[in-house]
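Notes for the structure review
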Protein chains: 2
Amino acid sequence: MTSRDGFSWTPQEGLKPGVPSLGVIQPPTNITSTAKYDLIVVGAGYCGLTATRDATLAGLNVLLLEARDRIGGRSWSSNIGGYPFEMGGTWVHWHQPHVWREISRYGLSTALESSFDFSRGVNHFRLNSATSSTTRSHDDEDKLLASGLEKFVNVDGAHGRNIMPQPHDIFHNEQSRVFDSMSAQDRLDQIANDLTPDERTTVEAFVLLCSGGTLSNMSFLEFLHWWALCGFTYQGCLDMLITYKFRQGQSSFARHFFQEASKTGRLSYSFSTPLASIENSSTGVSVTTRAGATFTASRIICTVPLNVLGTIRFDPPLAKGKQEAIGIGHVNQCVKVHAEIKNKDMRSWSGITHPHNKLVYAIGDGTTPSGNTHIVCFGAAQNHIQAEEDIEQTINAVEALAPEMRDIQRLVFHNWAKDEFAKGAWFFSPPRLLADHLDDMRARHGNVLFANSDWAVGWRSFIDGAIEEGTRAAAEVVSELLNEPGVARPNL
Amino acid sequence: MTSRDGFSWTPQEGLKPGVPSLGVIQPPTNITSTAKYDLIVVGAGYCGLTATRDATLAGLNVLLLEARDRIGGRSWSSNIGGYPFEMGGTWVHWHQPHVWREISRYGLSTALESSFDFSRGVNHFRLNSATSSTTRSHDDEDKLLASGLEKFVNVDGAHGRNIMPQPHDIFHNEQSRVFDSMSAQDRLDQIANDLTPDERTTVEAFVLLCSGGTLSNMSFLEFLHWWALCGFTYQGCLDMLITYKFRQGQSSFARHFFQEASKTGRLSYSFSTPLASIENSSTGVSVTTRAGATFTASRIICTVPLNVLGTIRFDPPLAKGKQEAIGIGHVNQCVKVHAEIKNKDMRSWSGITHPHNKLVYAIGDGTTPSGNTHIVCFGAAQNHIQAEEDIEQTINAVEALAPEMRDIQRLVFHNWAKDEFAKGAWFFSPPRLLADHLDDMRARHGNVLFANSDWAVGWRSFIDGAIEEGTRAAAEVVSELLNEPGVARPNL
């Protein structure tokens, strides 16, 4: 099936909207009645899928409403000739607890492969800075990035271990709060004299890769949080952030959740069904779709991302703190572009081109069925492009990454910045949003629970955080409704 | 409540069997009928508790049978004056996916504390070898252990990364099989000329701490597996194996699982109910208790440890491969002894005394309500003691750890070696058991599923592995027993 989401470009066919994906569900709805549900889940990303799966398994009758024509939210794969291009969230690791629990539970712990293959080809790292262009070995790449990042995070003489000993509790050490008031730029200014020019270039590129923002609008604390989650080492960042992906693509994984929920017989769903409003009352909740349909339930789990929550009208209005958080929003406008190139030797390539290019960081990510090398490229809000608006500019940005980056056979991407149901990529906090509003973002609103990776406490912004949040919200709803009369119970 | 399990000793009262624990459940049974259950779960350790919780939440009527008078199996805490002494499995970490998913789901991610507190007192590491006794800083302790262990695991020039890239799939690289035929002693012999005497002493002590076996009967591959799970660094081993514990003790955590299952109204249970036999038939299963009671169900999840499975009669008999694995068994005869001493400064102490002492490795683990320092001490099958049989010998072994180890106010321990329902501590594989029989141990027997941390694929031997296995088995049973009503289904 083909989703409306995403774009592909080839020299022969030019730019085309929509790409095939295993995440498109047919038929788009199975709703047969307008009876009151136990639970409405809004959004079929990993958070909503997890909540739906857990709640249906626990005996609740669930209505899942999704604005898109597919599952997966900000993590989905297109499937072109059997080859998965990851349009958003991609990499997972066994040190990410919630997603790994699901990978294990679905028997998929051997379904992963490494993005990196340094066994053949150029096997080098290219660094294009403002003033020089050099290549070096991947070992030297690792040493350069480790050295720079260790200086960047070393606010406590222990590479962050003392300031954030428990990464799921970012303010465990109260002294960490000062770092939430700082941007990455503020921290770079503090250590300006300690970094070599190459360290500076690569640290800037790496933190922009993480945030998708600008150096000035990304919270330094949130980067420390990522670093702490990764075990306080660059090797941990490599392992946990950018190495292991599903051989069959994210959408193949997301289908397990949907199918398991479906098999309970307690799942109603409707795709291409964006909401206009959510009403909370003392007896339950109702939602009204943009098309004017109304559904009622005892509870809602709303998994709409922070940057999109403002497009839904809440009655009564949301609490002031949550409204303020929505008004601030997160800063991630990551540009992710897949490029197929003919040069087979580039499979073992990686590179950084910064600060003059619109794509900053890229790696060889696979070999396509045509035998081409698949390169995945990242840009950020700093030096931002809308990839489909000027495809020549996008091609130029890919070609600027390395001299070998020629003969582009295909581009595949999803423009998350212009996606009305995402308004950005994964959450990345600006300064002070976490200290001021993390609790607000997590707070419920009567019978409406809010669950999203954007305000997870552990791997916030990751698939793991989405599952963490969906798990939490479903457990809360199930616990409440099990004690309410008249709620359906499983009868097996 | 007081469990029959465990021992305490004080100068005033001498040796007493049984210690108080939050894990003792009252009343000991709630069985009111002998109707056929959907599922019988045998064993109320974390594996059985997880399976019971998941299955009751999914609507199954479950009978939980436990031989002991308490939940928790090989992981439970005594509670003496409000202070938890961990009698078995203790430490957890956010990189252990299954246990962390549960910690997060129960809202306990801020309920942990570090065993280590180097903020005051002696703040040193003592190394008593056969020929010398020295103290050094904890930083130097870490450097010594890191250096020795890196040599120990460096079979591939990459500290094990190449030989075991995916630790939940130990034979992912087929070349790893050769290391399962080797013991720790075999590997030590290979690198005998590379280790300094202090490295050798500490490496031996550390791997005995992990295995609870002897250097000759523990699989080198299984140690590589632990190392890989810990991110291929000694720092990772410290973080993930021996740092974070529950402020309120393991039994406080285990109660969440039991209580959640209980609240569904679908949990029947009986403690102090060891089994004599398990019978499988085409229509279901039945169990007969040692007391002669019989219960029937559609499925059984048997969570009895490998070393105990041979005490239960199976009809029809178990498959040959599983019988062989049971005949081999695992090698862990860990001796874990808690000692309260008056010296407050020892809170920041750690030490290794090897190879001449019956307790090999110990750390300051807390401060008790009386203001005493709590030291936790470990011995192994090598130089083994039965701690309660000769309490003077046990006291001597504690005192031999350091000159400051005087004025012992209390000992607390569980003799796992003589426990008929454990026959050892956490699983540790002898050479070749994993290569020959891991699949056999995991295989089902008709309607009997076997689930235990002993044969988990990830954090095998850990609480995490127990939850991994309970999750897997419950999902399998629920999926099989799920009644699929004829509703509109998506076309997947």
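Residues numbered from 1 in each chain as written. Chains lettered and ligands numbered in written order. Predicted model: local features only at pLDDT ≥ 70, side-chain atom pairs only at ≥ 80, totals over all residues. Heavy atoms only, no water.

1. Here we look at the overall build of chain A
Of the regular secondary structure elements, chain A holds 14 helices and 21 strands. For chain A, with 492 residues in total, the buried portion stands at 66%. Contacts spanning at least 24 positions in sequence make up 73% of the contacts within chain A whose residues lie at least 6 apart. Roughly 15,800 Å² of accessible area belongs to chain A as shown, and the carbon and sulfur atoms make up 48% of that amount. Taken as two groups, the 43 positive and 53 negative side-chain charges of chain A have centres that lie 5 Å from each other. (Helix = DSSP H or I, 4+ residues; strand = E, 2+ residues; numbered from the N terminus. Buried < 20%, exposed > 50% of the residue type's maximum accessible area, 1.4 Å probe, protein only. Contact = heavy atoms within 4.5 Å. Areas by Shrake-Rupley, 256 points an atom, 1.4 Å probe, with all protein chains shown as cover. Lys, Arg positive; Asp, Glu negative; His and termini not counted. Charge placed at Lys NZ, Arg CZ, Asp CG, Glu CD.)

2. As for a negative patch on the surface
Taken together, the side chains of A:Asp390, A:Glu392, A:Glu399 and A:Asp407 define an acidic patch exposed on the protein surface. Position of A:Glu399 among the secondary structure elements: in helix H12 (residues 391-399). (Patch = residues over 30% accessible without salt bridge, like charges linked within 9 Å, V, L, I, M, F, W, Y side chains within 5 Å. Salt bridge = Lys/Arg side-chain N within 4 Å of Asp/Glu carboxyl O.)

3. Some words on the nonpolar core
If you look at the biggest cluster of nonpolar residues, it comprises 98 residues, and the most contacted ones within it are B:Phe152, B:Phe206, B:Phe223 and B:Leu241. With eight residues, helix H7 (residues 220-229) of chain B is the largest single contributor of residues to this core. Three or more residues apiece are contributed to this core by two domains, here domain 1 (2-75 + 250-328 + 428-483) and domain 2 (114-244 + 335-415) of chain B. Setting aside residues up to four positions removed in sequence, B:Phe223 forms contacts with B:Leu149, B:Phe152, B:Val153, B:Phe206, B:Val207, B:Cys210, B:Met218 and B:Phe428. One finds A:Leu65, A:Met87, A:Leu238 and A:Trp459 within the second-largest nonpolar core, a separate group that totals 97 residues. (Core = buried A, V, L, I, M, F, W, Y, C linked by side-chain atoms within 4.5 Å. Domains from an automatic or database assignment.)

4. As for the pairing of strand E18 (residues 361-367) of chain B
Counting buried positions along E18(B) gives six out of seven residues, so the element sits mostly inside the fold. The hairpin formed by E18(B) and strand E19 (residues 373-379) of chain B contains five residues between the paired strands, and B:Gly371 there has a positive phi angle of roughly 85 degrees. (Pairing = 2+ DSSP bridges.)

5. Some remarks on the UniProt feature "binding site: FAD" (unreviewed entry) in chain A
All names here are of chain A. As recorded in UniProt, the sites labelled "binding site: FAD" (unreviewed entry) are Glu66 and Ala67. With respect to the helices, strands and loops of the structure, Glu66 is situated in the loop between strand E4 (62-65) and strand E5 (77-80). Not counting residues up to four positions away in its chain, the partners in contact with Glu66 are Gly43, Ala44, Gly45, Ser270, Phe271, Ser272 and Thr273. Non-local contacts of Ala67, meaning those with residues more than four positions away in its chain, are made with Arg4, Ser272, Thr273, Pro274 and Phe421. (UniProt positions renumbered as here; feature names shortened; annotations may be inferred.)

6. A word on the confidence of the model for chain A
All names here are of chain A. On average, residues of chain A score 97 in pLDDT, and 98% of them are at 70 or above. Overall, residues 488-492 carries pLDDT values under 50, and its contacts beyond four positions in sequence, including any with other chains, amount to 18 contacts. ipTM for the predicted complex: 0.96, alongside a pTM of 0.97. (pLDDT = per-residue confidence, 0-100.)

7. What about the sheet that holds strand E2 (residues 14-20) of chain A?
All names here are of chain A. Taken together, the nine strands give an open sheet; going across it, the order is E2-E1-E20-E16-E19-E18-E17-E8-E9, and neighbouring strands pair in mixed fashion. Every interior strand has two partners, whereas the edge strands, E2 and strand E9 (133-136), have only one. For this sheet the average axis-to-axis angle between neighbouring strands, irrespective of direction, equals 25 degrees. Across four bridges, strand E8 (residues 125-128) lies against strand E17 (residues 350-353) in parallel orientation. Residue Asn128 lies in a different strand from E17, and its bridge partner there is Thr353. Those strands touched by H12 are strand E1 (2-10), E2, strand E16 (335-341), strand E19 (373-379) and strand E20 (408-413), and its axis lies near 110 degrees from that of E20. (Axes fitted to C-alpha atoms, helices over the stretch in contact; angles between N-to-C directions.)

8. Focus: the packing of helix H11 (residues 320-328) of chain A against helix H13 (residues 433-442) of chain A
Residue and element names in this part refer to chain A. It is the contact of H11 with H13, at a shortest axis distance of 8 Å, that shows an interaxial angle of 120 degrees. By the criterion of interaxial angle, the relationship of H11 to H13 is oblique. For the pair H11 and H13, the sense of crossing is left-handed. On H13, the residues that touch Gly321, Lys322, Glu324, Ala325 and Ile328 of H11 are Leu433, His437, Asp440, Met441 and Arg442. (Parallel < 35°, antiparallel > 145°, perpendicular 65-115°, else oblique. Left-handed = near helix turned anticlockwise from the far one by under 90°.)

9. As for the packing of helix H6 (residues 197-211) of chain B against helix H8 (residues 234-242) of chain B
All names here are of chain B. Their axes nearest at 13 Å, the elements H6 and H8 cross at an angle of 35 degrees. Regarding H6 and H8, the two cross each other, and that crossing is left-handed. In contact with Phe206, Leu209 and Cys210 of H6, H8 contributes Tyr234, Cys237, Leu241 and Ile242.

10. Some points on the relation of the copies chain A and chain B
When chain A is fitted to chain B, the residual RMSD is 0.0 Å, and the transformation amounts to a turn of 180 degrees plus an axial shift of 0.0 Å. Here the transformation between the copies is reduced to the relation of a two-fold axis. Interface overlap between copies: 74% of the residues of chain A at the interface are likewise at the interface in chain B, consistent with a symmetric, same-surface contact. (Least-squares fit on C-alpha atoms with pLDDT ≥ 70 in both.)

11. Describing the UniProt feature "domain: Amine oxidase" (unreviewed entry) in chain A
When the UniProt feature table is mapped to this numbering, "domain: Amine oxidase" (unreviewed entry) covers residues 47-477 of chain A. With 33% helix and 21% strand, residues 47-477 of chain A has its two end C-alpha atoms placed 14 Å apart.

12. A word on H12(A)
Residues and elements named next belong to chain A. Those residues of H12 lying buried are Ile391, Thr394, Ile395, Ala397 and Val398. In a view along the axis of H12, the buried residues occupy a sector of 160 degrees, so they form one face of it. In this structure, the buried side of H12 is in contact with E1, E2, E16, E19 and E20. (Arc of directions from axis to C-beta.)

13. A look at the sheet that holds strand E2 (residues 14-20) of chain B
Remark on secondary structure: sheet strands pair via backbone hydrogen bonds, oriented parallel or antiparallel. Residues and elements named next belong to chain B. Taken together, nine strands build an open sheet; the order of strands is E2-E1-E20-E16-E19-E18-E17-E8-E9 and the sheet is mixed. Two strands lie at the open edges of the sheet, namely E2 and strand E9 (133-136), each paired on one side alone. Here the strands of the sheet are splayed against their neighbours by 25 degrees on average, with no regard to which way each runs.

14. Some details on unusual backbone geometry
With the exception of glycine, the majority of residues adopt a negative phi angle, and the majority of peptide bonds are in the trans configuration. Backbone torsion omega between A:Gln26 and A:Pro27 reads -5 degrees, so that peptide bond is classified as cis. If you trace the backbone, A:Pro27 turns up in the loop between E2 and strand E3 (37-42). Cis rather than trans, the peptide bond between A:Asp315 and A:Pro316 has omega equal to -5 degrees. By the element assignment, A:Pro316 lies in the loop between strand E15 (313-315) and H11. A positive phi is found at A:Arg432, a non-glycine position, where the angle reads about 75 degrees. Examined against the element boundaries, A:Arg432 turns out to sit in the loop between E20 and H13. Of note, the phi angle at B:Asn123 is positive, near 50 degrees, even though the residue is not glycine.

15. So, the pairing of strand E17 (residues 350-353) of chain B
Residues and elements named next belong to chain B. Here E17 shows a buried face lined by Ser350 and Ile352 and a second buried face lined by Gly351 and Thr353. Where E17 and E18 come together, three bridges link them in antiparallel fashion. Directly across from Gly351, in E18, lies its bridge partner Ala362.

16. Considerations on the interface of chain A and chain B
Contacts between chain A and chain B engage 46 residues on the former and 45 residues on the latter. Viewed at the interface, chain B and chain A are joined by four salt bridges. The partner of B:Asp54 in a salt bridge is A:Arg101, and the shortest N-O contact between them spans 3.8 Å. If you look at where chain A meets chain B, you find 11 residue pairs in polar contact (both at pLDDT 80 or more). Counting only elements with at least two residues in the side of chain A that touches chain B, the list comes to helix H1 (46-57), helix H2 (97-105), helix H8 (234-242), helix H9 (250-263) and helix H14 (463-482) of chain A. The element that contributes the greatest number of residues to the side of chain A that touches chain B is H2(A), accounting for six residues. Per-class residue counts for the side of chain A that touches chain B are 20 nonpolar, 17 polar and nine charged. (Polar contact = N/O pair within 3.5 Å; in protein donor to acceptor, adjacent residues only side chain to side chain. Nonpolar A, V, L, I, M, F, W, Y, C, P; charged D, E, K, R; others polar.)

17. Details of the domain arrangement of chain A
Residue and element names in this part refer to chain A. Looking at chain A, the domain boundaries give domain 1 (2-75 + 250-328 + 428-483) and domain 2 (114-244 + 335-415). On a C-alpha basis, the centroid separation for the pair domain 1 and domain 2 is 30 Å. Domain 1 puts 25 residues into the contact, and the matching count from domain 2 is 32 residues. It is Phe7, Trp9 and Phe428 in domain 1 that bury the most area against domain 2; as a group they hold 32% of the surface buried on that side. For the pair domain 1 and domain 2, the interface holds one salt bridge. Two residues, Arg460 and Glu222, come together in a salt bridge whose shortest N-O distance is 2.9 Å. At the junction of domain 1 with domain 2, the criterion picks out nine residue pairs in polar contact (both at pLDDT 80 or more). Mapped onto the side of domain 1 that touches domain 2, the elements with two or more residues apiece are E1, E2 and H13. Per-element tally for the side of domain 1 that touches domain 2: the top contributor is E1, with six residues. Each residue belonging to the side of domain 1 that touches domain 2 can be placed in one class, and the counts come to 14 nonpolar, six polar and five charged. (Buried area = accessible area lost by both parts, 1.4 Å probe.)

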